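# Coordinate analysis (summary)
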Amino acid sequence: MKDVKPEILEKMKKFAENFSKKSGTVVNPNKEAAEAVINGLAAHVEELGKPLCPCNFYPDKEEEVKKRRWICACDEMQILKYCHCLLFTNEEGLPITEYLPEWHEGRQIYGLIKDPTPDKGRALGKVDKVIKLLKEYVKEHNLDVSDEEIIEWAEKVARKK
C-alpha cells in the first residue's frame, strides 16, 4: 500500500478514536489490525475523497462512493453496530454481533457477542433501516431468508428511541 499524506492519516486516526467513543466501542486493541484498516481508509480518502471501507473488493470504487453504504462508518456499523473490518470492537478486540441475525456471517464466525454499551451507537438503527440493510445482505449473499424473518428480526433489534 502506498504511503498517504501524514495529515490524512492523522485525520483518520482521530476519526476512529472519536467514532469509537460515540459508538460505545474501542479502536481494536490489536494495534497492527487497527493501523492496517486506518491506513486503508486514509488511502481511499487520498484516492477517492472518502473513507471507503478497505476490507471489501469493489469492481468500481467510484460507484461505491456514490452509494455511500461502505463509507466508514459503514451502514452495518451505524445500523447493527457490527464492524466487519474489526476497527471498532469491544475491549477484547471482538466485533459486536448482538444485533446480527443468526444467518449473518459475522454471527456465524464470532457467535453472540453482547453489546457492552447498548445506549451508545446505532444512530441509524431504526426498523426500516434494519430491514433495508438485511434485505440487501440476503440478496448479495444469495441466502434463503424470508421477508417475514427479516422484519421480525428488525423489529426485535431496532433502536426503540
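Per chain, the residues get numbers from 1 upward, laid out in the order the sequence is written. Reporting in this predicted model follows two pLDDT cut-offs: at least 70 for local features of residues, and 80 or more for side-chain atom pairs to be given and counted; totals over whole chains, interfaces and linings ignore these cut-offs and use all residues. Each side-chain value is derived from all of the structure's non-hydrogen atoms; neither hydrogens nor water enter the calculation.

### Considering the nonpolar core
In terms of nonpolar packing, the biggest core is built from 29 residues, with Leu 52, Met 77, Leu 87 and Phe 88 touching the most fellow members. Segments assigned H or I by DSSP are reported as helices when at least four residues long, segments assigned E as strands when at least two residues long, and all are numbered from the N terminus. Of all the secondary-structure elements, those providing two or more residues to this core are α1 (6–23) and α2 (31–48). For Met 77, the contacting residues outside a window of four places in its chain are Phe 19, Ser 23, Thr 25, Tyr 82, Cys 83 and Phe 88. Take the buried residues of types Ala, Val, Leu, Ile, Met, Phe, Trp, Tyr and Cys, join any two whose side-chain atoms come within 4.5 Å, and each joined set is a nonpolar core. Relative accessibility under 20% of the residue-type maximum defines a buried residue, over 50% an exposed one, and the middle range a partly exposed one, all with a 1.4 Å probe and only protein chains included. With 18 residues, the next largest nonpolar core counts Leu 80, Trp 103, Leu 134 and Val 157 among its residues. Contact criterion: two residues are considered in contact whenever any of their non-hydrogen atoms come within 4.5 Å of each other.

### Examining unusual backbone geometry
With omega at 0°, the peptide bond leading from Cys 72 into Ala 73 counts as cis. Tracing the backbone through its elements, the reader meets Ala 73 in the loop between α3 (61–67) and α4 (75–80). In this structure, Arg 68 is a non-glycine residue whose phi angle is positive, near 70°. Along the chain, the position of Arg 68 falls in the loop between α3 and α4.

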